[in-house]
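Observations on the model geometry
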Amino acid sequence: MSTHPLLAVENLVVSFPVPMGLTDIATLRRRRVRAVAGVDLIVNRGETLGLVGESGCGKSTLSRAIVGLVPTEAGRVRLDGRDREGMSAPDRRAWHRRVQMVFQEPHASLNPRMTIGQTLGEVFRVHRICPPAEIEARVGDLLEAVGLRRDFANRRPHGLSGGQCQRVGIARALAVEPDLIIADEAVSALDVSIQAQVLNLFMELQRARGVALLFVSHDLTVVRHLCQRVAVMYLGHVVEIGPADAVLHAPLHPYTAALVAAIPQPGKQSLADTALMGEPPSPLNPPSGCPFHPRCARAISICASAMPEPRRIAQTTVWCHHAEDTPALQPERII
Amino acid sequence: MMANMLLDVRGLSVGVMQGGRSTALVDGASFSVSAGEVMGLVGESGSGKTITCRAMMRLLPSAATQVTAGQVLFEGQDLLLLGDGAMRAVRGQRLAMIFQNPLSHLNPVMTIGAQIAEPLRRNQGLSRREAHTEAVDLLRQVGIPDPARRISDYPHQFSGGMRQRAMIAGALACRPALLVADEPTTALDVTVQAQILRLLLDLRDRTGLAIVLITHDLGVVGQTCDRLAVMYGGRVVERGRVAEVLARPRHPYTAGLLASQPGRGVPGTKLPSISGQPPAPGELTEGCRFRPRCTLAADICASRIPQPHAIADGWISACHRSAETQALEPAA
């Protein structure tokens, strides 16, 4: 076994062109918005890393860039130390086979005109995983592995509930026996009682198959239940990453603390007082220095001028100028 | 309690006509709201919570969907018996509604200010200038920064949280007694959700506004509501005070819903989940609709519809096995 982590993302930058307005055309200015602004993170074999943040923070773009669904501007994505850039086509296909994705919208991510059996069988055919004669049996096994009956192979997505479609999406990802599954808000569209079923499935599969999981979600209670480590993103930057226990119970970054305080929980009787004011600034005009400083209660002059360097405190890495000076923030202990 | 009862929904049933037959979407829902109270209407998608409120507001989506039984007593009169004109007056002035997605309920080619001023001029007969001044004041009340300038913005220039604030301002324009809020924070991020919920509670404290909050999130209910009604398959299965019901739910569905919330158990352990999925409209109309997913189901559950019965003062559960549900695991 190599000493490299399973997945290593190094200084990854993803930007998109902004549609030009009249003044942009007049001044020949081409603007780009940086959705992911230089992110480093690793995922170890068999672990679950939660990636959390609010809408627009870049968490979905980052996960899409890792599987290669959006082009990257700079940085590297390595699997076992190997970058997919510059690989030959067959090597590249093998690389991609090891990283699979499960999407948020269960119905939208399945072809409505194909039966479930055709959708799953296609994966076996494209990646030449087994002889065509065995495909039907393999599809049946796969359906059973995600808790569906074998006869679901003959049905089409419109006859399935959201939870059942999401199980098919997971089966499709599992078909190639990947080392890493990236789940982008995979349970967010499901009702609570169904969500618990799908989360249990993720945990079972992970235990049985040792697959690593990058679990992208805005729901911190789900992440707390599922993940060993957590990365918090804000405006395209990772601002805190570390063990789930530490990050969610004794956050070092003020943004993480605000996020944790805002989680509604049935056991909490009242709304937290520490709720953040305002909303995240537009990534089109990111603030100077620390991206969080315009909303941060602790901000001082250096926060507006310099991007904080990463600081390592215990097992957590945090990007905040105040991380050493202040004790861990104590949001009301709720999760 | 009865003296300041604002809204009393009694045995409300709504059906949709399909192929000459009426399929029940809401089946005998009853609940009440007092002045200044926040009532949570909780359920999963398809449980009938939105249809119940739309029927109450007389805003059902199509002619095929009709109220088939029940009464909606609001300030003493049955809204279901009012003429269209009288209902419009109630809806504009005493009863208001806000929705999950403000962008689809705000007019994209009218300024925010014009949309808030419109009901003021129409219902309260204010002049253009008075309505404008009032609209600025309303925007200030809902926490829009620099309201005098932002009043001329169009909806697309507002962020998601600000649009929801603008819709609340519009709903409050005529000082209604009751606000029906249909999943008002579901599309928002948690930090913005906390701001909007706080705003609604502040308005309640300042003006005595009563609120029906439709949500699927028991966390939101726990933090904002005084009482709740839990809906399943078109029926109200349990209702009572939030502090009591969430601490010791007496209907197996409420208990299951609460237990499947992540964040309560030990991380990494199996979450208790409710097996199976909710019934489609028209399915399982005999007996208890929750029985295929219920761990306590017995023969009687298949044959007789469980009637609501009192657990304690103001606490009602519709379950044949309520005597046994005391053993259900209490909330952590």
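Report follows, based on the coordinates.

This part is about the pairing of strand β3 (residues 38-42) of chain B. Regular strands show a simple pattern: their side chains alternate between the two faces of the sheet. Residue and element names in this part refer to chain B. Burial runs high along β3: five of the five residues are buried. Judged by which residues are buried, β3 turns out to be covered on both faces: V38, G40 and V42 on one side and M39 and L41 on the other are all buried. Pairing of β3 with strand β8 (residues 210-215), which is carried by five bridges, proceeds in the parallel orientation. By the bridge assignment for β8, G40 is matched with L213. Judged from the four bridges that link them, β3 and strand β9 (residues 227-232) form a sheet pairing that is parallel. By the bridge assignment, M39 is partnered in β9 with R227.

To continue, consider the interface of chain A and chain B. With 40 residues of chain A at the contact, the number on the chain B side is 45 residues. When chain A packs against chain B, close to 3,400 Å² is buried across both sides, 53% of that on carbon and sulfur atoms. Our count for the contact surface shared by chain A and chain B stands at zero salt bridges. For the pair chain A and chain B, the number of links is twelve residue pairs in polar contact (both at pLDDT 80 or more). Looking at the side of chain A that touches chain B, the elements that each hand over two or more residues are α7 (192-209), α8 (220-226) and α10 (254-261) of chain A. Take the side of chain A that touches chain B: its biggest share by element is ten residues, from α7(A). Split by residue class, the side of chain A that touches chain B holds 19 nonpolar, 13 polar and eight charged.

The next point concerns the side chain of B:S260. Secondary-structure assignment places B:S260 in the loop between α10 (252-259) and α11 (299-303). A polar atom in the side chain of B:S260 sits 3.3 Å from the backbone oxygen of B:L257. Setting aside anything within four residues of it in sequence, one finds B:S260 in contact with A:V192, A:S193, A:A196, B:L271, B:P272 and B:S273.

Quick notes on the rules
Residues numbered from 1 in each chain as written. Chains lettered and ligands numbered in written order. Predicted model: local features only at pLDDT ≥ 70, side-chain atom pairs only at ≥ 80, totals over all residues. Heavy atoms only, no water. Buried < 20%, exposed > 50% of the residue type's maximum accessible area, 1.4 Å probe, protein only. Helix = DSSP H or I, 4+ residues; strand = E, 2+ residues; numbered from the N terminus. Pairing = 2+ DSSP bridges. Contact = heavy atoms within 4.5 Å. Buried area = accessible area lost by both parts, 1.4 Å probe. Salt bridge = Lys/Arg side-chain N within 4 Å of Asp/Glu carboxyl O. Polar contact = N/O pair within 3.5 Å; in protein donor to acceptor, adjacent residues only side chain to side chain. Nonpolar A, V, L, I, M, F, W, Y, C, P; charged D, E, K, R; others polar.

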